[in-house]
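As a plain string of letters, each chain reads:
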Amino acid sequence: MGRIMNTRKILYQYGYHRCPDQDRASPARHSVIIVGAGPVGLCTAIDLAQRRIPVVLLDDADRIGEGSRGICYAKRTLEILDRLGVGNLCLEKGVTWKVGKVFQGNDLLYAFDLLPEDGHKMPAFINLQQYYLEHALVERAAALPNLEIRWCNKVVDLKHRNDGATLTVETPEGTYKFDTDWVVAADGARSPLRGMLGLAFQGEAFEDRFLIADVKMKGNFPPERWFWFDPPFHEGHSALLHKQPDDVWRIDLQLGRDANVKAEQAPERVIPRLRQMLGHDNFSLEWVSVYTFQCRRLERFVHGRVVFVGDAAHQVSPFGARGANSGIQDADNLAWKLAIVLKGEAPESLIESYNLERSAAADENIGHSTRSTDFIAPRSAQELRFRDATLALARHASFAKRMVNSGRLSMPSTYDTPLSTPDADSWSGSARLGAPLPDAPLHDQNGRPIWLLDAIGGEETILHVPNGTQPPKGSRVLVIGSDLFDNQGFFAQRFDASPGSTYLVRPDQHLAARWRHGTPSLLESASRRLRGFEGGHA
Amino acid sequence: MTALITESRLADPDRTYRALIEAHRGLSDEDSAALNSRLVLILANHIGEHSVLQEAIALAKQSMEPVEPASE
């Protein structure tokens, strides 16, 4: 989102340190430089470092400021954060929620329950201020010996080379240069790197302005997402209320096209509005900002050895929590590919599959987010009529309820990708080729409970259900019934498993291939294919 | 996949047309537009196929283009 006002208090302060690169006679050479220490840059850096790739992360600031910003983290994102070592922290601190209510005027139109089925480690959603996530990721990064964060290091120039790039970096003590094999641009919606490469950022800008406020209030309010169309306290517009940790509530108010940005942010304007909405004035205003938003993307996310991730690559409206979630899923997709390319275990062309898979995901997200915005902020009299007709019909007919769109909440993408080996057998269950594996509660050899996704971690893995024949060979094989035990039957059900079933899992936990009866040559070929050797052949 | 049917399917087209007229009689333009919006949504759901709706939209738009004089 493009913030219009942004004066934020400092919550966490980090320090600039002079680094040896600044004192070298000739430029240092790095494997991967990541630009931007937001959640997406941090996740990419941690993932690469966990994969034993040395990483330098540059940020032009040295602090995390107040303002909750991205607050909703979806199940798949939590699974990724868990693999990166901050999942429990997020769960402990975050507010877990699953009920949403949609109102029109004073009336409840309908309620939804994201009701996660049993047998998943992570809940459907948590709400957590972005600064808590960033702080947790910075702490995690500090614990990794091959990850270096350089605060107050601002990239001011980027030159492509055939085998990488040369960056010029400005610090409080002057500029220095270094070379790098790869650059990951995680430098946000206004990405200076995008500008340096002269890349167009195309899409749709929306004219409606929204007020965003964090309000502190104590009281017995349920942890639910409440969305209003045309509420009595804010006629003709929409409003959203969401609970965050520390008794902080996020409020989004649609202001319309012609709102006076400055006047709307003034406490004497904001507080009466909120008093009307909340029905009391037992609250304090923590943070307020006005934003507009865009839905747009780079045409390509990979430019030579420079790879764009998160908001630098694509921007969506906030409805549906698709910004931070899709960015962290970009990191999850890119890190393992970059790691095996750098280790020489995969061809460089594998990075093109990042472009393909995450472009499709970005289009999906932009599509959902644009459609939500059309519904929430109609642009013409007739658009408004269709919207209001849908809301009116929703009270009488279930089809119209399904059309009411107050934000379609982020779901992971199923990749239609050349890295998958097409199914030759038929399968039921909730596991889908190209999608992240559904989690399942299992037991290990010592009878201790273990989650399937924890058992898989971040390595390419073969899951095999024995049928009396020799188990398959691969770099890592987990056999159900000897390494992992499916006592409750969740695995069998979700994976439609039968004796002999074999599954090949990518390092980002997406399903790459499966067979009722896998042969060594089928497995070998699928493994090569998922590493980007075309058609599974050398 | 079904295609949009443009041959007449109505047993009594005059009566159907009349039903639409009656529904709108006495309404202001604004209320008429609101009623039509509801009808479109209800009927779109009844059709139930995105591609048929797309064809219907295309036909409606086509009929709004200026008519070329017929050349003989």
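All values reported here derive from a predicted model rather than from experimental measurement.

**What to know about the overall build of chain B**
Here's step 1: Broken down by element type, chain B carries three helices and zero strands.
Here's step 2: The helix and strand sequence of chain B, counted from the amino end, reads α-α-α.
Here's step 3: Computed over the C-alpha atoms, the radius of gyration of chain B is 15 Å, more than 25% above the 11 Å expected from 2.2 N^0.38 for a compact globule of 72 residues.
Here's step 4: Viewed in the frame of its principal axes, chain B has a C-alpha envelope of about 45 × 35 × 25 Å.

**Regarding the overall build of chain A**
Here's step 1: If you tally the helices and strands in chain A, you get 14 helices and 28 strands.
Here's step 2: Along the three orthogonal principal directions, the C-alpha set of chain A runs to about 70 × 65 × 45 Å.
Here's step 3: Counting every position in chain A, which comprises 538 residues, the buried fraction comes to 58%.
Here's step 4: If you take every contact in chain A between residues at least 6 apart in sequence, the share linking residues at least 24 apart comes to 70%.

**Topic: the environment of Q329(A)**
Residue and element names in this part refer to chain A.
Here's step 1: With respect to the element layout, Q329 can be found in helix α8 (residues 323-342).
Here's step 2: Using a relative accessible area of 6% as the deciding quantity, one classes Q329 as buried.
Here's step 3: Taking C-alpha positions, Q329 is 33 Å from Q265, a pair spaced 64 residues apart along the chain.
Here's step 4: Once residues within four sequence positions are removed from consideration, Q329 is found in contact with R76, T77, I80, R358, P412 and Y415.

**As for the packing of aromatic side chains**
Residues and elements named next belong to chain A.
Here's step 1: Taken as a whole and judged by the stated rule, the model has 20 aromatic pairs over all chains.
Here's step 2: Where Y176 meets F178, the ring centres are 5.7 Å apart and the plane angle is 45°; that geometry is what we call tilted.
Here's step 3: The class of Y176 is buried, set by a relative accessible area of 6%.
Here's step 4: Between W226 and W228, the ring centres sit 5.9 Å apart and the planes meet at 70°, which makes this aromatic pair edge-to-face.
Here's step 5: Grouped by ring-pair contacts, the aromatic residues F103, W226, W228 and F233 constitute a single cluster.
Here's step 6: The side chain of R194 reaches across the aromatic face of F201, ending 3.6 Å from its centre.

**Some details on helix α1 (residues 39-50) of chain A**
All names here are of chain A.
Here's step 1: Spanning twelve residues, α1 covers 16 Å between terminal C-alpha atoms, matching the ideal 16 Å at 1.5 Å per step.
Here's step 2: Within α1, eleven of the twelve residues are buried, which leaves it mostly tucked inside the rest of the structure.
Here's step 3: Here α1 has its buried residues at P39, V40, G41, L42, C43, T44, A45, I46, D47, L48 and A49.
Here's step 4: Once α1 ends, the next one or two residues include R52, with phi positive near 65°.

**Overview of the domain arrangement of chain A**
Residues and elements named next belong to chain A.
Here's step 1: With domains assigned, chain A is organised as domain 1 (2-362), domain 2 (366-403) and domain 3 (441-536).
Here's step 2: With centres defined by C-alpha atoms, the gap from domain 1 to domain 3 works out at 33 Å.
Here's step 3: Taken together, the contact between domain 1 and domain 3 spans 21 residues of the former and 16 residues of the latter.
Here's step 4: By the criterion of area lost to domain 3, the three top residues of domain 1 are G119, K121 and W336, representing 33% of everything that side buries.
Here's step 5: Counting across the domain 1 and domain 3 interface gives three salt bridges.
Here's step 6: Listed by contribution, the elements that provide at least two residues to the side of domain 1 that touches domain 3 are α2 (75-83), α8 and α9 (350-376).
Here's step 7: Broken down by element, the residue count for the side of domain 1 that touches domain 3 peaks at five residues, all from α8.
Here's step 8: Partitioned by chemical class, the residues of the side of domain 1 that touches domain 3 number five nonpolar, four polar and twelve charged.

**Brief notes about the interface of chain A and chain B**
Here's step 1: Each partner contributes residues to the interface: chain A has ten residues there, and chain B has nine residues.
Here's step 2: Between chain A and chain B lies a buried interface of about 860 Å² when both sides are counted; carbon and sulfur atoms form 73% of it.
Here's step 3: Interface area lost by chain A to chain B is led by R385(A), F386(A) and F399(A), which between them contribute 56%.
Here's step 4: For the pair chain A and chain B, the number of links is one salt bridge.
Here's step 5: A salt bridge links E30(B) to R385(A); the nearest nitrogen and oxygen atoms lie 2.8 Å apart.
Here's step 6: In this structure, the connection of chain A to chain B is made through two residue pairs in polar contact (both at pLDDT 80 or more).
Here's step 7: Of all elements in the fold, only α10 (381-394) and α11 (398-403) of chain A reach the threshold of two or more residues within the side of chain A that touches chain B.
Here's step 8: Here the side of chain A that touches chain B gets eight residues from one element, more than from any other, and that element is α10(A).
Here's step 9: Among the residues forming the side of chain A that touches chain B, the class breakdown is six nonpolar, two polar and two charged.

**Section: the sheet that holds strand β28 (residues 511-515) of chain A**
All names here are of chain A.
Here's step 1: The sheet built from four strands is open, its strands ordered β26-β25-β27-β28 with mixed pairing. Strands with a single pairing partner mark the edges of an open sheet, and in this sheet they are β26 (477-479) and β28. This sheet shows a mean twist of 20° between the axes of neighbouring strands, independent of strand direction.
Here's step 2: Pairing geometry for strand β27 (residues 502-505) and β28, over four bridges, is antiparallel. Following the sheet pairing, Y503 is matched in β28 by R514.

**What to know about the sheet that holds strand β7 (residues 95-97) of chain A**
Residue and element names in this part refer to chain A.
Here's step 1: Here three strands make up an open sheet; going across it, the order is β6-β10-β7 and the pairing antiparallel. The two strands at the open ends of the sheet, each matched to only one other strand, are β6 (72-74) and β7. Direction aside, the axes of adjacent strands within the sheet are offset by 30° on average.
Here's step 2: Relative to strand β10 (residues 125-127), β6 runs antiparallel, the two sharing three bridges. Bridge pairing in β10 links A74 to F125.

**So, the environment of D330(A)**
Residues and elements named next belong to chain A.
Here's step 1: On the secondary structure map, D330 appears in helix α8.
Here's step 2: With a relative accessible area of 0%, D330 lands in the buried category.
Here's step 3: A C-alpha to C-alpha distance of 6.4 Å links D330 and R358, two positions 28 residues apart in sequence.
Here's step 4: If sequence neighbours within four positions are ignored, D330 has contacts with V309, G310, H314, Y354 and R358.

**Examining the packing of helix α1 (residues 13-24) of chain B against helix α2 (residues 29-47) of chain B**
Packed helix pairs are characterised by how far apart their axes lie and by the angle those axes make with each other.
All names here are of chain B.
Here's step 1: Put simply, α1 and α2 touch, their axes get as near as 10 Å, and they point 135° apart. When the axes of α1 and α2 are compared, the pair comes out oblique. Mapping the contact onto sequence places L20, A23 and H24 in α1 and S32, L35, N36 and L39 in α2.
Here's step 2: Tallied by class, the residues present in the contact of α1 with α2 amount to four nonpolar, three polar and no charged.

**Examining the pairing of strand β4 (residues 55-58) of chain A**
Here's step 1: The alternating pattern of β4(A) places V55(A) and L57(A) and V56(A) and L58(A) on opposite faces, both of which are buried.
Here's step 2: Since strand β3 (residues 28-35) of chain A and β4(A) lie parallel, the crossover through α1(A) that links them has a hand, and here it is right-handed.

What counts, and at which threshold
Residues numbered from 1 in each chain as written. Chains lettered and ligands numbered in written order. Predicted model: local features only at pLDDT ≥ 70, side-chain atom pairs only at ≥ 80, totals over all residues. Heavy atoms only, no water. Helix = DSSP H or I, 4+ residues; strand = E, 2+ residues; numbered from the N terminus. Rg over C-alpha atoms; globule rule 2.2 N^0.38 Å. Buried < 20%, exposed > 50% of the residue type's maximum accessible area, 1.4 Å probe, protein only. Contact = heavy atoms within 4.5 Å. Phe/Tyr/Trp six-rings, centres within 6.5 Å; stacked < 30°, edge-to-face > 60°. Lys NZ or Arg CZ within 6 Å of the ring centre and 35° of its normal. Expected span 1.5 Å × (residues − 1). Domains from an automatic or database assignment. Buried area = accessible area lost by both parts, 1.4 Å probe. Salt bridge = Lys/Arg side-chain N within 4 Å of Asp/Glu carboxyl O. Nonpolar A, V, L, I, M, F, W, Y, C, P; charged D, E, K, R; others polar. Polar contact = N/O pair within 3.5 Å; in protein donor to acceptor, adjacent residues only side chain to side chain. Pairing = 2+ DSSP bridges. Axes fitted to C-alpha atoms, helices over the stretch in contact; angles between N-to-C directions. Parallel < 35°, antiparallel > 145°, perpendicular 65-115°, else oblique. Right-handed = clockwise from strand over helix to strand, strands pointing away.

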